[in-house]
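Chain by chain, the residues:
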Amino acid sequence: MLSRAAWSVVLRRGGLGTRGKHSLEDSGKTWTRKMPPYTNYHAQRSYPMPDEPFCTELNAEQRALKEKEKGSWTQLSHAEKVALYRLQFHETFAEMNRRSNEWKTVMGCVFFFFGFTGLLIWWQRVYMFPEKPITLTDEWRAKQLQRILDMKANPVQGLASRWDYEKKQWKK
Amino acid sequence: MASSALTKPQMSGLLARCLRFHIAGAFLVSLGVAALYKFAVAEPRKKAYADFYRKYDSVKDFEEMRKAGIFQSAK
């Protein structure tokens, strides 16, 4: 699960080619950040308060903001509060919990391998399986069923209750 | 980025509400399943057995089985 979070981050950042500098859309600032496998930031719905903040290397402006955070929070503007949130957390709960289309890929692969296994077993049945044991041939099974009906097995609601003993056929 | 005022969400009693919902639901579901089983499976089965054995002749049944040849001790 942790590597899946990291992998989705990597995919959304456009692959492993962008290392080093990243920019956040609404603040318009750039800072250096380590790529996902090398940080200790892991947040999930079941573990919402990670040990480390998301951005650990801050530029001067962000350090000033962190100093301002130590004072009274009523003096922070809305934009500053959002910037502090984005320093501490990678995504909001809404962003983190967004649904995806991954299940379609998973089900597709599952069905594909079902089909592949079916083809393998078909080939085995044609070229590899031995003869059926005598008890599974049709003649033996017919005689076995006749014997079960003669013994009147489950005559109330089961097998023998469906057999018509006068006409010697299954009841309609 | 001015947002309109949101309604304050429910702040307390969440577990109590969840528990009440689920306990009541569990009662209803289990009683419903039990009632459904009784009237769809158990009662018809009792009736089927009663009807079968009302007109059951065990000697005739035995003779039919003996003629079919399944016994080893009574041919």
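Rules used throughout
Residues numbered from 1 in each chain as written. Chains lettered and ligands numbered in written order. Predicted model: local features only at pLDDT ≥ 70, side-chain atom pairs only at ≥ 80, totals over all residues. Heavy atoms only, no water. Helix = DSSP H or I, 4+ residues; strand = E, 2+ residues; numbered from the N terminus. Buried < 20%, exposed > 50% of the residue type's maximum accessible area, 1.4 Å probe, protein only. Contact = heavy atoms within 4.5 Å. Areas by Shrake-Rupley, 256 points an atom, 1.4 Å probe, with all protein chains shown as cover. Buried area = accessible area lost by both parts, 1.4 Å probe. Salt bridge = Lys/Arg side-chain N within 4 Å of Asp/Glu carboxyl O. pLDDT = per-residue confidence, 0-100. UniProt positions renumbered as here; feature names shortened; annotations may be inferred. 1 Å grid on protein atoms, 1.4 Å probe; cavity = no way out; pocket = protein on both sides within 12 Å on 5 of 7 lines; lining within 4 Å. Points joined across faces, edges and corners; volume = space filled by probe spheres on them. Nonpolar A, V, L, I, M, F, W, Y, C, P; charged D, E, K, R; others polar. Axes fitted to C-alpha atoms, helices over the stretch in contact; angles between N-to-C directions. Parallel < 35°, antiparallel > 145°, perpendicular 65-115°, else oblique.

Peer 1: An account of the overall build of chain B is requested, with residue identities and associated values reported.
Peer 2: Looking only at helices and strands, chain B has two helices and zero strands in total. Taking all 75 residues of chain B together, the buried fraction comes to 4%.

Peer 1: Residue-level account of the overall build of chain A, with values.
Peer 2: Helix and strand content of chain A: six helices and four strands. When its helices and strands are written in sequence order, chain A yields α-β-β-α-α-α-α-α-β-β. Within chain A, the fraction of its 172 residues that count as buried is 20%. Looking at chain A alone, contacts between residues at least 24 apart form 39% of all its contacts between residues at least 6 apart. Just so you have it, chain A exposes about 13,700 Å², and 61% of that area is on carbon and sulfur atoms.

Peer 1: Talk me through the interface of chain A and chain B; I want residue IDs and the actual numbers.
Peer 2: At the junction of the two partners, chain A supplies nine residues and chain B supplies 12 residues. Here chain A and chain B share an interface that buries about 940 Å² over both sides, 64% of which is from carbon and sulfur atoms. When the area that chain A buries against chain B is broken down by residue, the three leading residues are K152(A), V156(A) and Q157(A), summing to 51%. Taking the shortest distance from any N to any O, the salt bridge between K152(A) and E64(B) comes out at 2.1 Å.

Peer 1: Lay out the confidence of the model for chain A with the relevant residues and their values.
Peer 2: Residues and elements named next belong to chain A. Summing up the model confidence of chain A, the mean pLDDT is 82 and the portion of residues at 70 or higher is 77%. Per-element mean pLDDT across chain A ranges from 40 in strand β1 (residues 21-23) up to 97 in helix α5 (residues 102-127). The low-confidence segment residues 13-30 (pLDDT under 50) makes 27 contacts with residues lying over four places distant or belonging to another chain.

Peer 1: Account for the UniProt feature "transmembrane region" (unreviewed entry) in chain B, naming residues and giving values.
Peer 2: Mapped onto the present numbering, the UniProt feature "transmembrane region" (unreviewed entry) falls on residues 20-37 of chain B. Counting secondary structure, residues 20-37 of chain B comes out at 100% helix and 0% strand; the distance between its end C-alpha atoms is 26 Å.

Peer 1: Quick rundown of the layout of surface pockets? Include the residues and the values.
Peer 2: Roughly 440 Å³ of volume is contained in the second largest pocket. Lining of the second largest pocket is provided by 16 residues; of these, K152(A), Y165(A), F52(B), K60(B) and D61(B) occupy positions nearest its centre. Those elements giving two or more residues to the lining of the second largest pocket turn out to be β3 (163-164) of chain A together with α2 (58-68) of chain B. The biggest single contributor to the lining of the second largest pocket is α2(B), with three residues. Grouping the amino acids of the lining of the second largest pocket by side-chain chemistry returns six nonpolar, one polar and nine charged.

Peer 1: Got a sec to walk through the pattern of salt bridges? Specific residues and values, please.
Peer 2: If you walk through the whole model with that rule in mind, you get 16 salt bridges over all chains. Close ionic contact of K152(A) with D61(B) constitutes a salt bridge, the shortest N to O distance being 2.7 Å. With K152(A) in the loop between α6 (138-150) and β3 and D61(B) in helix α2, this pair bridges two chains. In this structure, K152(A) and D61(B) share a single accessibility class: buried.

Peer 1: Lay out the packing of helix α2 (residues 60-69) of chain A against helix α3 (residues 78-88) of chain A in plain terms, naming residues and giving numbers.
Peer 2: Two measures define how a pair of helices packs: the angle their axes make with one another and the distance between the axes. Residues and elements named next belong to chain A. The contact between α2 and α3 brings their axes to 11 Å, and the two run at 105 degrees. As judged from the angle between their axes, α2 and α3 are roughly perpendicular. On α3, the residues touching Q62, L65, K66, K68 and E69 of α2 are E80, A83, L84, L87 and Q88. Taken together, the residues that form the contact of α2 with α3 break down as four nonpolar, two polar and four charged.

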